[in-house]
8 protein chains.
Amino acid sequence: GFAKLDHHRKVRQGFEEVVYCQGKATPHLVKIYQTLTAEGIDVLGTRASREQYEAVKEAIPEAVWDEVSRVLKVEKRDRKRIGRIVVCTGGTADVPVAEEAAQVAEFFGTKVTRLYDVGVAGIHRLLSNMKAFQGASCVIAVAGMEGALAGVVAGLVDVPVIAVPTSVGYGANFGGLSALLTMLNSCANGITTVNIDNGYGAAYVATQINRL
Amino acid sequence: GFAKLDHHRKVRQGFEEVVYCQGKATPHLVKIYQTLTAEGIDVLGTRASREQYEAVKEAIPEAVWDEVSRVLKVEKRDRKRIGRIVVCTGGTADVPVAEEAAQVAEFFGTKVTRLYDVGVAGIHRLLSNMKAFQGASCVIAVAGMEGALAGVVAGLVDVPVIAVPTSVGYGANFGGLSALLTMLNSCANGITTVNIDNGYGAAYVATQINRL
Amino acid sequence: GFAKLDHHRKVRQGFEEVVYCQGKATPHLVKIYQTLTAEGIDVLGTRASREQYEAVKEAIPEAVWDEVSRVLKVEKRDRKRIGRIVVCTGGTADVPVAEEAAQVAEFFGTKVTRLYDVGVAGIHRLLSNMKAFQGASCVIAVAGMEGALAGVVAGLVDVPVIAVPTSVGYGANFGGLSALLTMLNSCANGITTVNIDNGYGAAYVATQINRL
Amino acid sequence: GFAKLDHHRKVRQGFEEVVYCQGKATPHLVKIYQTLTAEGIDVLGTRASREQYEAVKEAIPEAVWDEVSRVLKVEKRDRKRIGRIVVCTGGTADVPVAEEAAQVAEFFGTKVTRLYDVGVAGIHRLLSNMKAFQGASCVIAVAGMEGALAGVVAGLVDVPVIAVPTSVGYGANFGGLSALLTMLNSCANGITTVNIDNGYGAAYVATQINRL
Amino acid sequence: GFAKLDHHRKVRQGFEEVVYCQGKATPHLVKIYQTLTAEGIDVLGTRASREQYEAVKEAIPEAVWDEVSRVLKVEKRDRKRIGRIVVCTGGTADVPVAEEAAQVAEFFGTKVTRLYDVGVAGIHRLLSNMKAFQGASCVIAVAGMEGALAGVVAGLVDVPVIAVPTSVGYGANFGGLSALLTMLNSCANGITTVNIDNGYGAAYVATQINRL
Amino acid sequence: GFAKLDHHRKVRQGFEEVVYCQGKATPHLVKIYQTLTAEGIDVLGTRASREQYEAVKEAIPEAVWDEVSRVLKVEKRDRKRIGRIVVCTGGTADVPVAEEAAQVAEFFGTKVTRLYDVGVAGIHRLLSNMKAFQGASCVIAVAGMEGALAGVVAGLVDVPVIAVPTSVGYGANFGGLSALLTMLNSCANGITTVNIDNGYGAAYVATQINRL
Amino acid sequence: GFAKLDHHRKVRQGFEEVVYCQGKATPHLVKIYQTLTAEGIDVLGTRASREQYEAVKEAIPEAVWDEVSRVLKVEKRDRKRIGRIVVCTGGTADVPVAEEAAQVAEFFGTKVTRLYDVGVAGIHRLLSNMKAFQGASCVIAVAGMEGALAGVVAGLVDVPVIAVPTSVGYGANFGGLSALLTMLNSCANGITTVNIDNGYGAAYVATQINRL
Amino acid sequence: GFAKLDHHRKVRQGFEEVVYCQGKATPHLVKIYQTLTAEGIDVLGTRASREQYEAVKEAIPEAVWDEVSRVLKVEKRDRKRIGRIVVCTGGTADVPVAEEAAQVAEFFGTKVTRLYDVGVAGIHRLLSNMKAFQGASCVIAVAGMEGALAGVVAGLVDVPVIAVPTSVGYGANFGGLSALLTMLNSCANGITTVNIDNGYGAAYVATQINRL
Ligand SMILES: Nc1ncnc2c1ncn2[C@@H]1O[C@H](COP(=O)(O)O)[C@@H](O)[C@H]1O
Ligand SMILES: Nc1ncnc2c1ncn2[C@@H]1O[C@H](COP(=O)(O)O)[C@@H](O)[C@H]1O
Ligand SMILES: Nc1ncnc2c1ncn2[C@@H]1O[C@H](COP(=O)(O)O)[C@@H](O)[C@H]1O
Ligand SMILES: Nc1ncnc2c1ncn2[C@@H]1O[C@H](COP(=O)(O)O)[C@@H](O)[C@H]1O
Ligand SMILES: [Mg+2]
Ligand SMILES: [Mg+2]
Ligand SMILES: [Mg+2]
Ligand SMILES: [Mg+2]
Ligand SMILES: [Mg+2]
Ligand SMILES: [Mg+2]
Ligand SMILES: [Mg+2]
Ligand SMILES: [Mg+2]
């Protein structure tokens, strides 16, 4: 086949390769899952469709799929989770991206506190939940439309905030550009940003930070 | 000359024409001020340079110029101010635009409360000043960079918030685009937006609302 | 569930929460409508599909859906409407957005005069209907393509004009960007702008102004 | 030298080459004017600076420069003007571009009626001047900011309207993009558009039409 | 209904209203065609789908639809065609837009010479067909991708060239933006531009010019 | 004055406020430095001009300015530096931004290893210096033009990489947009991004991570 | 029909015309293949759908279609391949574009070495395969998302690198813009770029170079 | 100092490093020239200002600067030139970029034929010079504004065309974007593109091709 397996990565970086399911032909995806589980490796895929799930499930009965996050897992170990991060969202429509982040972080061995629908349009919802941030090693802030949540949170906590803009919204959100620019231009300190809808990437960095 | 004077406007809309000084040749500007003051009309200009001010001042000693807002006024009446609006900013760099808004609104006969440097990076600065909004007929929220102030304020008050994005910032602020998109995409209710750095336009609408 | 209900809003801002139906799973939406109507609250949703309507209708027979505006209402009170606003459009293709605005404003207790298809390409259609604006507290101007209607109206009336750009058009309209920029850059006074296709947001602010 | 003179053009197209002065080194420009006038050809240059003018003037005393349009002419013939076009503008800041158009058209032998500062923010100024359009073979409509003038005029006349967007404005005008998009998306019939600030190009086409 | 019929237009501008079919509900469209034909008016619609055609055909058997251009006509008069224009394209994929232009121009009473697939990648195809342009009153140049055809033609003819950028292409054509910018920035003289894919608009102006 | 000092920040977040000098009036800036040093607080400013430096120096002789980074410091404590981060650049033109990052991180008490001009066009320069990364808690990767350095580094190390796009380049770099998009879209894991040229912001987060 | 066949091209340029299948009506496409094969010409089409393939296959049984590259060939000659180029990709999702390039180059008579999934996120995969580049006359580097592969390769080889950005990715990849800008701004020497996803264009130039 | 000298390049790629003078401090630049010439290496710098030239000249009397191309050379060898390429431009304003390309190619040992001001607005200028292309190994086509020259040339020759978009133009040229998109989207075969105004990059690749 075409793919050059990156056997160095687990050694170099301490993370298994995660499968990006979107766009992969279903038989090809099933084979990837089979190969990896046959080697005794736990596998997590992101952006898996229901159809992909059903095919993998048929081959590997332990496969579990979450409709909201579209995460598709075959997890046999019982990995101990350490530390803690917070994943928060501006609205309920951001939850799929947030759950991708949360479930990837958990798969990588991180404890996660979820705090959803606490966007700045009703700031009391965030302020009355500040205790959730205590003791967390970092925060993933997921928001679409105006994306202001990340900056407000960064002004309130003293740990790194990883901002995830989402494509939620319409019109002049230009597919997530509005939230992305908001986050890049935040005048709060302690924010860094990942690609639009990239819950996975945020979880990866959050885990790196959480392990320090 | 080229200009078609809009003699209908004061009748149609209850506001005098305000002079946009930027780009006007100085002698031409002096003449406009002289013509209008000769007719007994109070004049306000926006975006006047120091050089323009000095020339107008020489012709009309009562001319007053504010370095921060670049507003250039010849005001002889002692106009009674009614109602009240709040003008707030995210940072200190937004103050020139905010002052343009505030001084135009005052010239049009509106009382103004200023609340500057209360951006979302330190949200307690806004929350501890909420009483300033009580009884105001509307709010002008001026912010650059991420521009999140407008949405947070709109979530806290029950009057219209007129959002003014500013070109303050650098890099991916793209000359004010970031703040503009934030404001247009706000998930808070009760926000409308004007052009980047358009303090004047916000003051005009705020005065219309304040007069209702 | 995930959503943090914003119980403060009605108290803080005098408006019930309006449901944004687009993208919500149908069973989830039905539940939201059931919960709210069970509490005796009248509910309005925007951007509801026919399929969503049919499911809600089955659960709540009083549910009413308008195909043009895609507004889905359960309204039991007989709310008195006060004041008056005008909702006008450039063309007939803008009517869905205009009707979202008009019906939301009516739901919030505002009287609405509709003036559709009066765009600037045939300016006499607007000029011969100017009496419709008399006595209105504000105007919502809805237009796509070139979006020039808002500026022309603002030059003719003395109340605030809330401009709603629409995504109507093709090619270099770039999904509504052309109308949005026209409105933000209008040289007429008294215009503020909301997001592309955001009839809801315009109606909210118009109601705030109308109540003053 | 580098330039390949286009000796065919006058034959092929009936127009002399017009000199684009901007960016040309002054001695180089003087030489071009000298060469052409030596051959008995009348010369018109666009976007000439005062400094360029003074150098050309020293070499050719008949050279005439207009500060507003920045047109620099050496015109010895007394060319008969035929037909008639209208050049109109939205505001006074658009006049430099309009004058480039008007003076180029006149140089090419076209009669020109000017109608400046009749933008849509005060539509009565246009409507009360409609007689100026009677008998014109085409209209050049010059406007910046929202650029709505072209569409309104096209809805009122039955000859081609050549729309010239200008870079006049600030913020979200994005250097003339707002007016350009407005004009390209106009729902009025009979409009075509040229580049931002391209008065020259509009005059060229207007003359072609006027000669038909 | 909503639409304000523009009864002035035929009087003011000498053209009937042409129906923009795209996005119109089929029953609504049928009614428009019935009303107009009942009044004895010939009707032309653009961007009509096969489904719309079939419904109109059922109501009005004389309706004729062209699959390539998607023009849907009910034409009973036998209108005399005058003058002549050329419609040319860069490639074969641009033909649908070109045919919209050609058929609209013919409907408006203009003779049309078609010259398709003569783009600049094989310039001899254009050069060996130059006689087609002789005697034409203007040219409509339709091209996507790089859109260079319009500039080359304008350098070769002495009548106005109306450039129609198309959305043909992929990748960095950005939906027609590449061809649009090419045409707006052409260094050839005598070009004006209309919206992306707007064959109709080009035909309207070409007819205005052709009638002069 | 206008500014609301954020006295909570040091308590809330463990960092003093850093002064953003750009755009501040010189006398105003001098006063800020005087006030803070009078309170015994060490001060660091970013983007200070030589002129600003000279004025501050006159008031506070201990002030030190670095021409490359434009950092302006008054530092009396002798703060112990802990941990270690790496700051690397693609080219030498990126060094000003990198030095802003490095000096801010050092001011905040972090040890810094510099590795400059190791961009991907000569990858051996990076590969032969990999030992510099050993033991670092995180990496700041600064690059303009294509901005590929961040992704390559992230593929080689197992700590977070904070990517800083710079505006270095010309043409289609669009002021730093090219590097920004490269970094946001990196297929390597462990990257987050800050605003174009925002060395300060990267240093802030790097320090947060380094302190964990 | 409409198309002007370019009979000169094979003579002028030494390449047969390649058919761009996308958007062509199936019967029209079948006819093109029949005409050309009837003349004894081998035919290659790009971006052919399965449906198009099946129709062509029915008419011409020797037709061969590759699902990955969507190349549709009728090849009867047994053309000798000369020289050698390398086609490499950043990831597996870029393979369809790379295969279009590789198969077109082979059809034109070029030997091709494939080196897929060697992107910069795991640079050792590229470095351990450098021998593949020895003796190649040029390299086609295909990459989406950040698109950094082209620059790294160009820094390592001494032959021209033709960079093909792909639309692979999501969010801020903006349909391939991110990779395109990366490649255009590469600080490595020896890179030129073609349109997003244009494997065909890269193969054409590579063959020109390979034949030298 | 900061810079990591790339001693491998000459060995790896057969080209010396060329100095990018823009933005380099003058003393720093002088030192670079001194170091390299002291090692007996011929040096070429691009984008050198007159001020930089004068300083280098003072240190190294053999330094030669060309005002048009801004190339600054110290060339002692008498390098034999091989092969031949053509450098052509659309207009005279593109000559500085073309000369950068031509002089860099000559410095690298390539013979260059110049063909300037042959843009598509007067296509006969190109067609009557086609013999210049005979025997050339490749063509560099330099054009701003609409940038159509590259596609026309590529349709006429059978060697690779390297397209260099320039920032020449105004308005909707958006700093060279218009020409860049034209070139990327060319429907002619055999074109690849480099960054806006990047004459150097084109010369580098042209030399690679010319040496094959
Ligand atoms: N069409 C609309 N456009 C923008 N905002 C809306 C729209 N309809 C409802 N909303 C807002 O969206 C909120 C509900 O969002 P959600 O929590 O996702 O249901 C409401 O409180 C309204 O403020
Ligand atoms: N203001 C202008 N904008 C666009 N094109 C112009 C302008 N003035 C002159 N031109 C054109 O530029 C050509 C001269 O360009 P050049 O050869 O650079 O002097 C003339 O033949 C005109 O076609
Ligand atoms: N170079 C910089 N880029 C972005 N933010 C900065 C920079 N330097 C300082 N800051 C932030 O700007 C704030 C000061 O802004 P101001 O109140 O305008 O002085 C500081 O608290 C920092 O958070
Ligand atoms: N995938 C492709 N991308 C760009 N151009 C192509 C592609 N495939 C074929 N072509 C070109 O498109 C031309 C055919 O276009 P057409 O006349 O529409 O069939 C061929 O001569 C090639 O130059
Ligand atoms: Mg909510
Ligand atoms: Mg502050
Ligand atoms: Mg209509
Ligand atoms: Mg005016
Ligand atoms: Mg063809
Ligand atoms: Mg270097
Ligand atoms: Mg891979
Ligand atoms: Mg020329």
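Since we're looking at a predicted model, the values are computed, not measured. Just so you know, the residues in each chain are numbered from 1, in the order the chain's sequence is written. Here the convention is simple: chains get letters from A, ligands get numbers from 1, in the order in which they are written. Two thresholds apply to this predicted model, a pLDDT of at least 70 for residue-level local features and 80 or more for giving and counting side-chain atom pairs, whereas whole-chain, interface and lining totals are computed over all residues. Calculated side-chain values reflect all of the structure's heavy atoms, with hydrogen atoms and water omitted.

**Remarks on the overall build of chain A**
Thought 1: Each helix is a run of DSSP H or I of at least 4 residues and each strand a run of E of at least 2, with the numbering of both proceeding from the N terminus. For chain A, the count of helices and strands is eight helices and nine strands.
Thought 2: Here the C-alpha radius of gyration of chain A, 18 Å, is about what a compact globule of 212 residues would show, namely 17 Å.
Thought 3: Exposure categories follow from relative accessible area, calculated using a 1.4 Å probe and restricted to protein chains: below 20% of the type maximum is buried, above 50% is exposed, and the middle band is partly exposed. Scored against the burial criterion, the 212 residues of chain A give a buried share of 64%.
Thought 4: Whether two residues are in contact is decided by their heavy atoms: any pair within 4.5 Å suffices. Of all intrachain contacts in chain A linking residues separated by at least 6 positions in sequence, the fraction that spans at least 24 positions is 68%.
Thought 5: Surface accessibility in these figures is a Shrake-Rupley result with a 1.4 Å probe; residues are shielded only by whichever protein chains are displayed. When the accessible surface of chain A is totalled, it reaches about 7400 Å², and 54% of it is carbon and sulfur.
Thought 6: Across chain A, the 22 positively charged side chains and the 21 negatively charged ones have centroids separated by 5 Å. With C-alpha atoms as the basis for the radius of gyration, the globule rule is written as 2.2 Å multiplied by the number of residues raised to the power 0.38. By the counting rule applied here, Lys and Arg register as positive and Asp and Glu as negative, while His and the ends of each chain are not counted. All charge positions are set by atom: Lys at NZ, Arg at CZ, Asp at CG, Glu at CD.

**Considering the environment of Met-130 of chain G**
Residue and element names in this part refer to chain G.
Thought 1: By the secondary structure assignment, Met-130 is in the loop between helix 5 (124-127) and strand 7 (138-143).
Thought 2: On the basis of relative accessibility, which here comes to 22%, the residue Met-130 falls in the partly exposed class.
Thought 3: For Met-130, the residues in contact, after removing those within four places along its chain, are Leu-156 and Val-157.

**Side note on the sheet that holds strand 4 (residues 72-74) of chain F**
Residue and element names in this part refer to chain F.
Thought 1: Strands are treated as partners if at least two bridges between them are detected by DSSP. Spatially, 1-2-4-3 is the arrangement adopted by the four strands of the open sheet, whose pairing is mixed. The sheet terminates laterally at strand 1 (19-20) and strand 3 (64-65), the two strands that pair on one side only.
Thought 2: Sheet topology note: the strand 2 (residues 43-46)/strand 4 ladder contains three bridges and is antiparallel. Considered in strand 4, the bridge of Gly-45 is made with Leu-72.
Thought 3: In the packing of helix 4 (residues 95-107) onto the sheet, the strands contacted are strand 2 and strand 4, and the crossing angle to strand 2 comes to about 165°. Only the stretch in contact is used when fitting a helix axis, every axis being a line fitted to C-alpha atoms; angles between N-to-C directions are given from 0 to 180 degrees.

**A closer look at the confidence of the model for chain A**
Thought 1: The pLDDT averaged across chain A works out to 92; a share of 92% of its residues lies at or above 70.
Thought 2: Model confidence for the complex: the whole-complex pTM is 0.94, and ipTM, which rates the interface, is 0.94. Confidence per residue, as judged by the predictor, is encoded in pLDDT with a range of 0 to 100.

**Quick word on the pattern of salt bridges**
Thought 1: Any Lys or Arg side-chain nitrogen found within 4 Å of a carboxyl oxygen on Asp or Glu counts as a salt bridge. Counted under the stated rule, the structure contains 63 salt bridges over all chains.
Thought 2: Salt-bridge contacts for Arg-125 of chain F lead to Asp-117 of chain F; the nearest nitrogen and oxygen are separated by 3.6 Å.
Thought 3: With relative accessibility at 10%, the residue Asp-117 of chain F sits in the buried group.
Thought 4: If you follow the salt bridges from partner to partner, you end up with Asp-42, Lys-73, Glu-75 and Arg-77 of chain A in one network.

**Points about the packing of helix 2 (residues 26-38) of chain F against helix 3 (residues 50-59) of chain F**
All names here are of chain F.
Thought 1: At a closest axis distance of 9 Å, the pairing of helix 2 and helix 3 adopts a crossing angle of 45°. As far as their axial angle goes, helix 3 and helix 2 are oblique. For the element pair helix 2 and helix 3, the recorded crossing hand is right-handed. Contacts between helix 2 and helix 3 involve Thr-26, Leu-29, Val-30, Tyr-33 and Gln-34 on the former and, on the latter, Glu-51, Gln-52, Ala-55, Val-56 and Ala-59.
Thought 2: Residue classes in the contact of helix 2 with helix 3 are distributed as six nonpolar, three polar and one charged. Any angle that is under 35 degrees is reported as roughly parallel, and any over 145 degrees as roughly antiparallel; angles of 65 to 115 degrees are reported as roughly perpendicular and all others as oblique. In this scheme the handedness of a crossing depends on how the near helix is turned from the far one: anticlockwise by less than a right angle means left-handed, clockwise means right-handed. Note on residue categories: nonpolar means Ala, Val, Leu, Ile, Met, Phe, Trp, Tyr, Cys or Pro, charged means Asp, Glu, Lys or Arg, and polar means any other residue, Gly included.

**Some words on helix 4 (residues 95-107) of chain E**
Residues and elements named next belong to chain E.
Thought 1: Expected helix span is computed as 1.5 Å times (number of residues minus one). In this model helix 4 runs 18 Å from its N-terminal to its C-terminal C-alpha over 13 residues, within 8% of the 18 Å that 1.5 Å per residue would give.
Thought 2: A large share of helix 4 lies buried, amounting to 12 of its 13 residues.
Thought 3: Taken as a whole, helix 4 has its buried residues at Val-95, Val-97, Ala-98, Glu-99, Glu-100, Ala-101, Ala-102, Gln-103, Val-104, Ala-105, Glu-106 and Phe-107.
Thought 4: Looking one or two places after helix 4, you find Gly-109, whose phi comes out positive at around 100°.

**Overview of the side chain of Thr-166 of chain A**
Thought 1: For Thr-166 of chain A, the position within the fold is in the loop between strand 8 (161-165) and helix 7 (177-184).
Thought 2: Among residues more than four places away in sequence, those in contact with Thr-166 of chain A are Asp-94, Val-97, Val-142, Ala-143, Gly-144, Gly-176, Ala-179, Ile-196 and Asp-197 of chain A.

**With respect to the packing of helix 4 (residues 95-107) of chain A against helix 8 (residues 199-211) of chain A**
Residue and element names in this part refer to chain A.
Thought 1: Closest axis-to-axis distance for the helix 4/helix 8 pair is 8 Å, and the angle between their directions is 35°. As for how helix 4 packs across helix 8, the hand of that crossing is right-handed. Packed against helix 4, whose contacting residues are Val-97, Glu-100, Ala-101, Val-104 and Ala-105, the element helix 8 presents Gly-199, Tyr-200, Ala-203 and Thr-207 at the interface.

**A word on the pairing of strand 2 (residues 43-46) of chain A**
Residues and elements named next belong to chain A.
Thought 1: Here strand 2 shows a buried face lined by Val-43 and Gly-45 and a second buried face lined by Leu-44 and Thr-46.
Thought 2: Of the pairings in the sheet, the one linking strand 1 (residues 19-20) to strand 2 comprises two bridges and is parallel in character. What sits directly across from Tyr-20, in strand 2, is Thr-46.
Thought 3: Viewed with both strands pointing away, a crossover whose connecting path from the first strand over the helix to the second turns clockwise is right-handed. Considered for its hand, the β-α-β crossover made up of strand 1, helix 2 (residues 26-38) and strand 2 is right-handed.

**Considerations on unusual backbone geometry**
Residues other than glycine predominantly adopt negative phi, and peptide bonds predominantly adopt the trans conformation.
Thought 1: In this model, Met-145 of chain D sits at a positive phi of 45°, which is unusual for a non-glycine residue.
Thought 2: What makes Met-145 of chain D partly exposed here is its relative accessible area of 27%.
Thought 3: A positive phi is found at Arg-47 of chain E, a non-glycine position, where the angle reads about 55°.
Thought 4: Topologically, Arg-47 of chain E is positioned in the loop between strand 2 (43-46) and helix 3 (50-59).
Thought 5: Owing to a relative accessible area of 11%, Arg-47 of chain E belongs among the buried residues under this scheme.

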